[in-house]
Every structure is written in structure tokens, then in C-alpha cells.
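Below are the chains, spelled out letter by letter.
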Amino acid sequence: MRAIGPGPAWFLPFRRRPGIPPRPASVLNHLRHRPWRPRRILDPGGDAVLRWNRIFLVSCLVALFVDPLYFYLLFIGGPACVRIDFNIGIIVTFFRTVADLFYLGHMLLKFRIAFVAPSSRVFGRGELVTDPHQIAMRYLKGDFFIDLIAMLPIPQIIIWFVIPAVSSSSANHTNNTLSLIVFIQYIPRLFLIFPLNARIVKATGVVTKTAWAGAAYNLLLYMLASHVLGALWYLLSIERQYTCWITECLAENVSTTTMPICNPSFLDCSSLELPERKAWRNSTLLLSNCDATNDGIKFNFGMFADALTSEIVAATFIEKYLYCLWWGLKNLSSYGQNLGTSTYIGETTFAILICIMGLVLFSHLIGNMQTYLQSITVRLEEWRVKQRDTEEWMRHRQLPPDLQERVRRFVQYKWLATRGVDEESILQSLPLDLRREIQRHLCLALVRRVPFFSQMDDQLLDAICERLVSSLSTKDTYIVREGDPVNEMLFIIRGQLESSTTNGGRSGFFNSITLGPGDFCGEELLTWALMPNPSVNFPSSTRTVRALSEVEAFALRAEDLKFVASQFKRLHSKKLQHAFRFYSYQWRTWGACFIQTAWRRYKKRKLAKELAAQEYLYYDQMVDDDDDDESLVIEPDGAPLLLDYADGVEAPLAETEAGSNFQHLGVTILASKFAKNTKRGHQKVTQLTQAATSIKLPKLAKPDEPDFSMNNNDGDM
């Protein structure tokens, strides 16, 4: 390939860079002749398409509201003449053009919206076709021409281009042509509402998100129908007035030859200043013969006489629009029963149309609004029926007044907490992953408030959150009684519970504590669930739990707790064991009683020792009193001395040879007395100590220890 030369300056950005090989001719031809592809194909069920459908639905309603305003352009602008109000035409044209742009955008967007292949709808949603060529061909063969007719700005072209170009056309003829085109184009625009509404319902289930919005939407459709009927009634009223003028004008031309000729162009207000018209105006009887307020006229205006007698046809735009809207609402709601029609075929046909539309639309409006409004109060009505059934049942069973009041309080509290919605059934109908995420969002923060769970990892907390169910209790409700089987473990979120025990009904023993948010009860079930082979029977409760106020809590049932308890064994058992002991009120009560018993036993032993010491001193004093004021002592050199306290003389024992036998006898007697007194004191101390230790204090049974170990061979932690 020949190298590209320097070329002109404007060609420099397109020059091939050095070192890059040129593209083959086949690649260049492919790029040159490659068909255009949109950058993105939209999913018909995606958020972007759904949002656009809602916006386009609003624009369609605006367009359906704007188009009938063209019927108000024609008005009676003078004696026996009509004209077109171009000031109103400017405003209507602006809004109509904006609505046409939305129709154009919708047409362009349909070339980029995928569709579901009909052959793939055997199972599930079906397969989307994203090929631009297939999408375009399907749209061109389907709704393209209807959308094109609805989008064309024909009224704007007529009012701003055709009317100024045709100078010989009268105002009435031009307005009739314009109204006919608007009415014909109104039909495909109205037709587009129904498939668009169906697509929104298919994607989301409802057109509006709230019941009030749905009621307002149906009322808006009914108002739109009244608006169209009012505009048609106004246009036909002027048409009937113009028909009367034409009829009288032709009759004058036939009956007389001396009067000025009635030219139909005189009925256009553009000829008011012509001399011929002024001359005809002064001599004609057309105005009196076509005056709707004159009862002696031959022309019957029928249902259109009201618009002519009230001079609405010559009023300002706001006045005639509101009056015509009221007329449409009144006759559409009453099915046209109060209309007095003539024998004119067009008038009777219009009356029949009003009757049929009123019957259909009013029934549709009442039915839909009743459905939407009932959906707001359906839960309340169900609760009222349930409450009435409960009252009848309690009266039939003759329940005591206190029980009836407790039942009423529970039903009322459950309604305030849930509004009649069965949350558990809603969650069970969702997929597992979505249900887990919702439970995590609802319960994770509340579960973390429980100190026992605060040290667990996220995986274990997810397992707990997934299995929690809500539990509601009213004031003075007993959650569980002492000795009853425990079938769930409660974690308090709001309210207070009273937990008390009598240690199996033992007299003289009572312990009571108050449980608040973050506390839990029913820990006996956790111990039961952590056993290697738990029994079929649930464990018995060691405490009585009563609600002090309205309580909202989460409950872990026995089967769910088994699964969660199996996950506990993955944790470090020492840490979890200490946490369970610290936060369990059953263990706290046992620990307090254990410390109290040990303290009392210590005080008894201490008192016994003090009494024994005092008794020992007493016996020691008695020994001293029994001696004959003699005592045997040992000298430092080892020689025994006999002390005579009566004489105060100290004599060596070895030197008293004459009384040797007597001295040996005294030492023996003294030693025997000392041993006897010492034995008696020791026996007394032993008796007091045994009496102190033999005192039996009240004991509380030690709670069962949950097994948090990895397996049964881990040993005691």
C-alpha cells in the first residue's frame, strides 16, 4: 500500500501514525458499510422503561386534555357572525406541540426497546430479543402507523399555514375542518392509553403506587370524558346556531326580491365593515328568527338552547370552559336523563352517546374508586369483624370481666403493633436470600443490643436473625410459669418483664428481678438444645415470667434454637460460657445465693471460734483456782523447784531429802489435774465447732451447665 503523504493541514489528525500497520481493505469496507446499531437496547421491564412509560402516560393525558380545546376557538363575535380566537390558538398550539414531542420521543424509544419472543413464553418470563433489526421490523409491522398518526401536528399546520393561505374560506368552514381532524386524530391518541396502561400494570401490577393515587387517576379519566363532552356540546351549539342562520338566509333569498341579498359570507365576522352587510343587517329578520330566547321561533335548538340562551358562546374562555365542563359532568353523571332533544339526527345521536358513555364511565368510576378506597380500609374492616367475633365468643362462653379486658387489650395492642398484617406469612413467601436480608435489616441492630450476642460473629448473628419471630405480650400476661415446659427463648426489645422463683415452691424462699430491653429469658431451653442428645420433652422453667407492661420481643423457638445452638459449638467455649453465666439471671441468682450461704457459714464458724476461745480461757482460770497455791517450775540450770506461794519461800527440790516422797506425789497430782482440764477444754471447743458446721442453710440448686464445647471429648471448660 502506498504511504500517505503529508497532505493538507486539516488532514493531519487523520494521518496514520508511524509504526502502526494500515487496516486491510476488507476491514475498511466492513466499517464503511456496517449498519447503524443503537448503543443500548432497553429491557421492557427495566426501571428506565417503566419510568418513561409513566411519564408518557401523563403526557398522553395532557394531550387528550389539550386537543378538545381546539373546539373553543370558534365563538360568536358579533351580530350573526362567528370568528376564530387566535389568542387561545397560540396557547393551545404550544401545549399541543410539547405533547407531540413526547409522542415523537416514544416512537424513537420503541426502536430501542427489546421484546419477548412469543415462542419462548412456555416457561418463566421468556427470552428477550435484542436484535435491532428484528425490533424495528416488529414495530414497523405493528403500532408504528398508529403512533405516526397520533404524533403528526396536523392541527398546528391547519391553523397557522392552511387558514392564512386560503383567504376565501369562512371561519365556520375552517373550524369545522379543524375540529374534524382533531376528532379523528383524537381516536388513535385515546387508543394509545390502553396498551400503555396494560404495560405498566404488567410490569408493576398497578398503575399507581397508592390507593388514593389510583382513585384520583380514575376520577381524572372521568373528568377527561366530561371535558370532551362539554367541548363537543359547545362546538355543536355554535354549529346549530350557524345552521339556523344559513337556513334563514336561504329562505330570505327565495322569498323576496326587494330586500338585499343574504350572502353566506356575511356570517363571518371578517365582513362586519362591508357596506353590503350593513345594509343587509338593517333589513333582515334573521336575528329574531334565530334567537334561542324567543319562544315563537320555528327552529328547534334542542339540547343546545342552553348554551345560546346563557350566552356562553360569546363569553370569555374561562367562563365558557367551566360552564361546559359542568354541563358534561352533570349529564354524564345523570346519563343524559334531563336532556330535551329535537328530531335532528345528529343531536339525538349525541344524546345516545352521552347516555351510553355516562352509564359505562360512571359504573367504571364508582367500581374502581370503591375498590381503591376499600383497599385502604380492608385491614381495618377485617380487624373490626375479628373484634366483633371475639366479643360475641366471650359473651357466649361467659368469660369473667377481667379475662375479657385482657383479651381486648391484647387484640388492641396487636393491631397497633402490626396493623393487621401477617408479617410471618409475607416473609415466608419470599426467597431465602431476600428473606435473610430483610430479617438482618430488621433484627440485627436489635439482636446486637442483647449483650449475650454482642460477642458473636456476623455469620452466627445472621443465623439467629433468620429464625427470630416477633412476640407481643400485654400487661400482666404470664409468659411462662415455674415448672411449665419452656418452648421458646425470648429477647426483649421494648417493655419490662418480672422474673421470679421460689426454688420449686420451697417455703421461705423468693427471688425476683426485672428484665428490660436487651435481656433474655428461657435460657433453660438453650441448655437443653446444647445437649448432645436432647430429650423429646422440653425443659421445665425454673422461674415465673410476667409482663409488667406491653412487651415487644423476638422469640427463638425450640426447633430453631437447636440449629442456632449447633452453631454455638464453633465458638471458643470458654468465652461464651463466661458470657452465658454472666448475663443469665438464673446463674446470677444461683451465684448470689451461693455467696450468701458461704458468707453465713463463715460468720457461724467465726462466732464458734470466738466462743471456743472464751470457753478455753474460762477453763484455764478454773485450773488455776484448783491448785493448792503450788506450782512446779524449772530453773534455768535445770533443777526443779517447788514454789510455796503461801510462805513465799523458794527451796530446791533436791535438797529436801526428808520430804522426797511427798514432793513426788505432789508433782503427780498436779500433772494429772492439768491434763484433765486441758482435755475438757479441747472437748468443749470441738463441740462448738461441730455445732457451727452442722447448721444447715437454705440451698438453691445449681443451674445446668450448657455444653459449648466443640465435641463431647473437649472436657470441662
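Residues numbered from 1 in each chain as written. Predicted model: local features only at pLDDT ≥ 70, side-chain atom pairs only at ≥ 80, totals over all residues. Heavy atoms only, no water.

What am I meant to see in the overall build of the protein chain here?
Looking only at helices and strands, one finds 22 helices and 15 strands in the protein chain. Of all 717 residues assigned to the protein chain, the portion counted as buried reaches 36%. Considering only contacts in the protein chain between residues 6 or more positions apart, those separated by 24 or more positions represent 74%. Accessible area of the protein chain: about 43,100 Å², with a carbon and sulfur share of 60%. (Helix = DSSP H or I, 4+ residues; strand = E, 2+ residues; numbered from the N terminus. Buried < 20%, exposed > 50% of the residue type's maximum accessible area, 1.4 Å probe, protein only. Contact = heavy atoms within 4.5 Å. Areas by Shrake-Rupley, 256 points an atom, 1.4 Å probe, with all protein chains shown as cover.)

Can you help me understand the state of the cysteines in this one?
Where two cysteines share a covalent bond between their sulfur atoms, that bond is called a disulfide. Counting across every chain of the model gives three disulfides. Note on cysteine connectivity: Cys-244 is disulfide-linked to Cys-290, with sulfurs 2.2 Å apart. Judged by the sign of its S-S torsion, about -95°, the bond between Cys-244 and Cys-290 is left-handed. With Cys-244 in helix H8 (residues 211-255) and Cys-290 in the loop between helix H10 (286-289) and helix H11 (305-309), this pair connects stretches of sequence that are 46 residues apart. Paired through a disulfide, Cys-249 and Cys-262 show a sulfur-sulfur distance of 1.8 Å. (Disulfide = S-S within 2.5 Å.)

Would you take a moment to explain the packing of aromatic side chains for this structure?
When we look at a pair of aromatic rings, we describe it by the centre distance and by the angle of the planes. Applying the stated rule across the entire model yields 22 aromatic pairs. Taken together, a centroid distance of 5.9 Å and an interplanar angle of 70° make the contact between Tyr-72 and Tyr-321 edge-to-face. Placement of the pair is Tyr-72 in the loop between helix H2 (47-66) and strand E1 (74-78) and Tyr-321 in helix H12 (residues 317-333), with a sequence separation of 249 residues. Of the residues examined, Tyr-321 reaches a relative accessible area of 13% and is grouped as buried. Within the aromatic cluster, the residues linked to one another by ring pairs are Phe-65, Tyr-72, Tyr-234, Phe-317 and Tyr-321. Note that Arg-240 overlies the ring of Tyr-344, its terminal NZ or CZ placed 4.2 Å from the centroid. In this structure, Arg-481 packs its charged tip against the face of Tyr-478, placed 3.9 Å from the ring centre. (Phe/Tyr/Trp six-rings, centres within 6.5 Å; stacked < 30°, edge-to-face > 60°. Lys NZ or Arg CZ within 6 Å of the ring centre and 35° of its normal.)

Teacher, can you tell me more about the nonpolar core here?
In summary, soluble globular proteins display a tendency toward joint burial of nonpolar side chains. Counting 86 residues, the largest nonpolar core has Val-82, Tyr-103, Trp-233, Tyr-234, Trp-245, Met-303 and Phe-350 as its most contacted members. Examining the composition of this core, we find that 16 residues originate from one element, H8, more than from any other. Residues within four places of Phe-350 in sequence aside, it is in contact with Leu-229, Leu-232, Trp-233, Leu-236, Met-303 and Trp-327. One finds Phe-453, Met-456, Leu-461 and Leu-526 within the second-largest nonpolar core, a separate group that totals 25 residues. (Core = buried A, V, L, I, M, F, W, Y, C linked by side-chain atoms within 4.5 Å.)

Would you take a moment to explain the sheet that holds strand E10 (residues 520-521) for this structure?
Strand pairs in the sheet, formed through backbone hydrogen bonds, run parallel or antiparallel to each other. Taken in spatial order, the four strands of this open sheet run E5-E12-E7-E10, and their pairing is antiparallel. Looking at the sheet topology across the chains shown, the edges are occupied by strand E5 (469-473) and E10. Relative to E5, helix H14 (residues 401-418) is tilted by about 140°, and along the sheet it contacts E5 and strand E12 (551-557). (Pairing = 2+ DSSP bridges. Axes fitted to C-alpha atoms, helices over the stretch in contact; angles between N-to-C directions.)

What exactly am I supposed to notice about unusual backbone geometry here?
Even without being glycine, Tyr-335 reaches a positive phi, approximately 60°. The topology assignment puts Tyr-335 in the loop between H12 and helix H13 (345-397). Residue Tyr-335 is classed as partly exposed on the basis of its relative accessible area, which comes to 23%. With a phi angle near 65°, Asp-476 is a residue other than glycine that sits in the positive phi range. For Asp-476, the location among the structural elements is in the loop between E5 and strand E6 (478-480). A relative accessible area of 32% places Asp-476 in the partly exposed class.

When you look at the pairing of E5 in this model, what are you seeing that I'm missing?
On any regular strand, side chains alternate: one points to one face of the sheet, the next to the other face. Burial along E5 is one-sided: Val-469, Ser-471 and Ser-473 are buried, while Ser-470 and Leu-472, pointing the other way, are not. Of the strand pairs in this sheet, E5 and E12 are connected by five bridges, and their pairing is antiparallel. Counterpart to Val-469 in the pairing with E12 is Ala-555.

Looking at this model, I keep getting lost on a nonpolar patch on the surface. Mind explaining?
On the surface, a cluster of nonpolar side chains totalling about 1,000 Å² of accessible area is made up of Phe-86, Ile-90, Ile-91, Phe-94, Phe-95, Val-98, Ile-157, Trp-160, Phe-161, Val-162 and Val-166. For the nonpolar patch, the secondary-structure elements that each account for two or more residues are helix H3 (86-110) and helix H6 (154-165). Of all the elements, H3 adds the most residues to the nonpolar patch, at six residues. On the secondary structure map, Trp-160 appears in helix H6. (Patch = residues over 30% accessible without salt bridge, like charges linked within 9 Å, V, L, I, M, F, W, Y side chains within 5 Å. Salt bridge = Lys/Arg side-chain N within 4 Å of Asp/Glu carboxyl O.)

Could you clarify how one ought to interpret the side chain of Thr-93 in this entry?
Tracing the sequence through the fold places Thr-93 in helix H3. Judged by its relative accessible area of 11%, Thr-93 falls in the buried class. Sequence-distant contacts of Thr-93, defined by excluding residues within four places in its chain, comprise Tyr-70, Gln-156, Ile-159 and Trp-160.

Hey, could you run me through the environment of Tyr-321 in this one?
Each C-alpha atom of the pair Tyr-321 and Ala-231 lies 7.7 Å from the other, and the pair is 90 residues apart in sequence. When neighbours within four sequence positions are excluded, Tyr-321 is seen to be in contact with Phe-65, Leu-69, Tyr-72 and His-227.

Any chance you could explain the environment of Val-228 here in plain terms?
Structurally, the position occupied by Val-228 is in helix H8. A relative accessible area of 15% means that Val-228 is categorised as buried. Leave out the neighbours within four places in its chain, and Val-228 touches Pro-68 and Tyr-186.

I tried to follow the sheet that holds strand E11 (residues 544-547) on my own but got confused; where do I start?
With antiparallel pairing, four strands are arranged side by side in an open sheet as E6-E11-E8-E9. In this open sheet, the two edge strands, each paired with only one partner strand, are E6 and strand E9 (511-515). Strand-to-strand twist across the sheet, computed as the mean angle between neighbouring axes with direction ignored, equals 25°. Across two bridges, E6 lies against E11 in antiparallel orientation. Each residue of the ladder has a partner; that of Tyr-478, found in E11, is Arg-546.

Please explain the pairing of E12 as it appears in this structure.
Among the seven residues in E12, five count as buried, and that is most of the element. Bridge analysis of strand E7 (residues 488-494) against E12 gives six bridges, and the strand direction is antiparallel. Bridging across to E12, Phe-491 finds its partner in Phe-554.

Even after reading the chapter, I still don't get H6, so can you show me in this structure?
Residue pairs spaced three or four apart in an α-helix point in one direction, given the helix's 3.6 residues per turn. With 12 residues, H6 extends 15 Å from end C-alpha to end C-alpha; this agrees with the ideal 16 Å at 1.5 Å per step. Turning to H6, its buried residues number three or more, namely Pro-155, Gln-156, Ile-158, Ile-159 and Ile-163. Against strand E2 (81-84), H3 and helix H7 (171-204) lie the buried residues of H6. (Expected span 1.5 Å × (residues − 1).)

Can you walk me through the pattern of salt bridges in this structure?
Where side chains of opposite charge bring their charged atoms close, a pairing between them can arise. Following the criterion strictly, the structure yields 13 salt bridges and no others. With a shortest N-O distance of 3.2 Å, Arg-96 and Asp-100 are connected by a salt bridge. Highlighted residues: Arg-96 and Asp-100, both in helix H3, separated by four residues, approximately one helical turn. With respect to burial, Arg-96 and Asp-100 carry one shared label: buried. Across the pair Asp-476 and Arg-546 runs a salt bridge, and its minimum N-O distance is 3.0 Å.

Sorry, what's going on with the packing of helix H16 (residues 432-448) against helix H17 (residues 458-467) here?
Contact pair H16 / H17: the axes reach a minimum separation of 8 Å and the direction vectors enclose 105°. For the element pair H16 / H17, the angle class is roughly perpendicular. Contacts from Leu-432, Arg-436, Gln-439, Arg-440, Cys-443, Leu-444, Val-447 and Arg-448 of H16 reach H17 at Asp-458, Leu-461, Asp-462, Ile-464, Cys-465 and Glu-466. Looking at the contact of H16 with H17, its residues break down into seven nonpolar, one polar and six charged. (Parallel < 35°, antiparallel > 145°, perpendicular 65-115°, else oblique. Nonpolar A, V, L, I, M, F, W, Y, C, P; charged D, E, K, R; others polar.)

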